[in-house]
Amino acid sequence: MTSTEALQAVQARAPFVPELAIVLGSGLGALADSPEAKAGRSISFTEIPGYPAPTVAGHGGRLVFCEFEGRKVVLQAGRFHFYEGHPMPLVVAPMRLYGRLGVKAVLLTNAAGALNAGFGVGELMALTDHINLFGTNPLIGPNVEPGTRFPDMTAVYDPVFRAHLQACARQLGQTLREGVYLGLTGPSYETPAEIRAFRVLGADAVGMSTVPEAIVARQEGMRVAGISCLCNMAAGILPQALTHKEVLEAGAAAAGRFEALVRAFVRGLPE
Ligand code: HPA
């Protein structure tokens, strides 16, 4: 699933080696339909050996190689979630692909629920660190050379990228929260008791992606940045049930700010 066939298929179609890969989470999917993306080279997941079509309704998964804010990037629309029943090697296959292509950095974006009561729905949060509660690790199995067997996870989310994100947010007049993302499988949302427990563990937000990708991206030697769109307060914080609809609506409402932040991040991407 780290397959050389996938790498060869993409290399045969990709116009360049991107500086940065951007995984578009809920709320950012529209970037894959931006004018820059339309002028770029789109590769459908169905053209990549081993990549199934996404099960979540909406756009088909694809990679778009394009010039974006003056930089060469690859936009990833659609990702493989563990809750869909995909094996972990497929969940992280795009990260292996980027690493092998020679991409130097990845920006992982997602929708998440806020645990920190000081945060609000619709706000953006830069990841400072994560807690892996997937109950597994994407590096289990034969070591994927030349990555190290026991990679350091001291600074998964690049401090220079974090500082840059904060500077971008300041320039845009946006509030950018910072915090710890706790990742778990889903697809059920958490119970209020779980959320109380996760707060004790030090989590600020909770979601169902990103952590496996960040681990593999680091093992591939890529720099990582992460941004969550806080689409709802986590279960039990407010006296109401959680709905996927609410999450989507908050994501849509934040999309403009999210896109502005990502554009500024790419424009001034530090060396
Ligand atoms: N929990 C888990 N994943 C999520 C949530 C949540 O509250 N909101 C968006 N993704």
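Anything mentioned here points back to the structure above.
These remarks concern the structure in this document. Bear in mind that the values here come from a model prediction, so they are computed numbers and not experimental data.

### Observations concerning the overall build of the protein chain
Phase 1: Looking only at helices and strands, the protein chain features 8 helices and 9 strands.
Phase 2: The C-alpha radius of gyration computed for the protein chain amounts to 17 Å, which stays within 12% of the reference 18 Å derived for 271 residues, consistent with globular compactness.
Phase 3: Across the protein chain, contacts joining residues at least 24 apart in sequence account for 82% of those joining residues at least 6 apart.
Phase 4: Surface exposure of the protein chain reaches about 11,400 Å², of which carbon and sulfur atoms provide 56%.
Phase 5: Here the protein chain holds 22 positive side-chain charges and 23 negative ones, and the gap between their average locations is 3 Å.

### Things to note about the site of the ligand
Phase 1: Neighbouring the ligand are the residues Ala111, Ala112, Gly113, Tyr189, Glu190, Val206, Gly207, Met208, Asn232, Leu242 and Val247.
Phase 2: Here a nitrogen atom of the ligand and a backbone polar atom of Gly113 are 3.3 Å apart.
Phase 3: Contact distances for the ligand include 2.6 Å between a nitrogen atom and a side-chain N or O atom of Asn232.
Phase 4: For the ligand, whose accessible area on its own is 260 Å², the fraction buried by protein is 95%.
Phase 5: Those elements giving two or more residues to the shell around the ligand turn out to be strand 5 (105–114) and strand 8 (205–207).
Phase 6: The dominant element in the shell around the ligand, judged by the number of residues it contributes, is strand 5, at 3 residues.

### Thoughts on the packing of aromatic side chains
Phase 1: Under the defined criterion, the tally for this structure stands at 6 aromatic pairs.
Phase 2: Taking 6.1 Å as the distance between ring centres and 70 degrees as the angle between the ring planes, the aromatic pair formed by Phe16 and Phe65 counts as edge-to-face. Placement of the pair is Phe16 in the loop between helix 1 (4–13) and strand 1 (20–24) and Phe65 in strand 3 (residues 62–68), with a sequence separation of 49 residues.
Phase 3: Note on Phe65: relative accessible area 1%, which makes it buried.
Phase 4: Here the aromatic rings of Tyr51 and Phe80 are separated by 5.3 Å at their centres, their planes lie at 85 degrees, and the arrangement is edge-to-face. A residue pair is termed long-range when its members are at least 10 positions apart, and Tyr51 in the loop between strand 2 (41–44) and strand 3 and Phe80 in the loop between strand 4 (71–77) and helix 3 (88–91) qualify at 29 residues.
Phase 5: Judged by its relative accessible area of 7%, Tyr51 falls in the buried class.
Phase 6: The class of Phe80 is buried, set by a relative accessible area of 2%.

### Considering the packing of helix 1 against helix 4 (residues 93–101)
Phase 1: Between helix 1 and helix 4, whose axes approach to 10 Å, the crossing angle comes to 60 degrees. In terms of orientation, helix 1 and helix 4 fall into the oblique class. In the packing of helix 1 onto helix 4, the handedness of the crossing is right-handed. When helix 1 is examined against helix 4, the residues Ala6, Leu7, Val10 and Gln11 are found in contact with a partner set consisting of Leu97, Arg100 and Leu101.
Phase 2: Of the residues that constitute the contact of helix 1 with helix 4, the class distribution is 5 nonpolar, 1 polar and 1 charged.

### Considering the state of the cysteines
Phase 1: All chains considered together, the criterion is met by 0 disulfides.
Phase 2: Here Cys168 stays unpaired: no disulfide links it, and the sulfur of Cys229, its closest cysteine neighbor, is 17 Å away.
Phase 3: Between Cys229, a free cysteine, and Cys231, which holds the nearest cysteine sulfur, the sulfur-to-sulfur gap is 3.5 Å.

### Things to note about helix 7 (residues 211–219)
Phase 1: Most of helix 7 sits out of view: 8 of its 9 residues are buried.
Phase 2: Those residues of helix 7 that sit buried are Val211, Pro212, Glu213, Ala214, Ile215, Val216, Ala217 and Gln219.
Phase 3: Phi for Gly221, located one or two positions after helix 7, is positive at around 85 degrees.

Reading guide: rules and limits
- Residues numbered from 1 in each chain as written.
- Predicted model: local features only at pLDDT ≥ 70, side-chain atom pairs only at ≥ 80, totals over all residues.
- Heavy atoms only, no water.
- Helix = DSSP H or I, 4+ residues; strand = E, 2+ residues; numbered from the N terminus.
- Rg over C-alpha atoms; globule rule 2.2 N^0.38 Å.
- Contact = heavy atoms within 4.5 Å.
- Areas by Shrake-Rupley, 256 points an atom, 1.4 Å probe, with all protein chains shown as cover.
- Lys, Arg positive; Asp, Glu negative; His and termini not counted.
- Charge placed at Lys NZ, Arg CZ, Asp CG, Glu CD.
- Near = heavy atom within 4 Å.
- Polar contact = N/O pair within 3.5 Å; in protein donor to acceptor, adjacent residues only side chain to side chain.
- Phe/Tyr/Trp six-rings, centres within 6.5 Å; stacked < 30°, edge-to-face > 60°.
- Buried < 20%, exposed > 50% of the residue type's maximum accessible area, 1.4 Å probe, protein only.
- Axes fitted to C-alpha atoms, helices over the stretch in contact; angles between N-to-C directions.
- Parallel < 35°, antiparallel > 145°, perpendicular 65-115°, else oblique.
- Left-handed = near helix turned anticlockwise from the far one by under 90°.
- Nonpolar A, V, L, I, M, F, W, Y, C, P; charged D, E, K, R; others polar.
- Disulfide = S-S within 2.5 Å.

Note that all results are geometric; they support no functional claim without further evidence.
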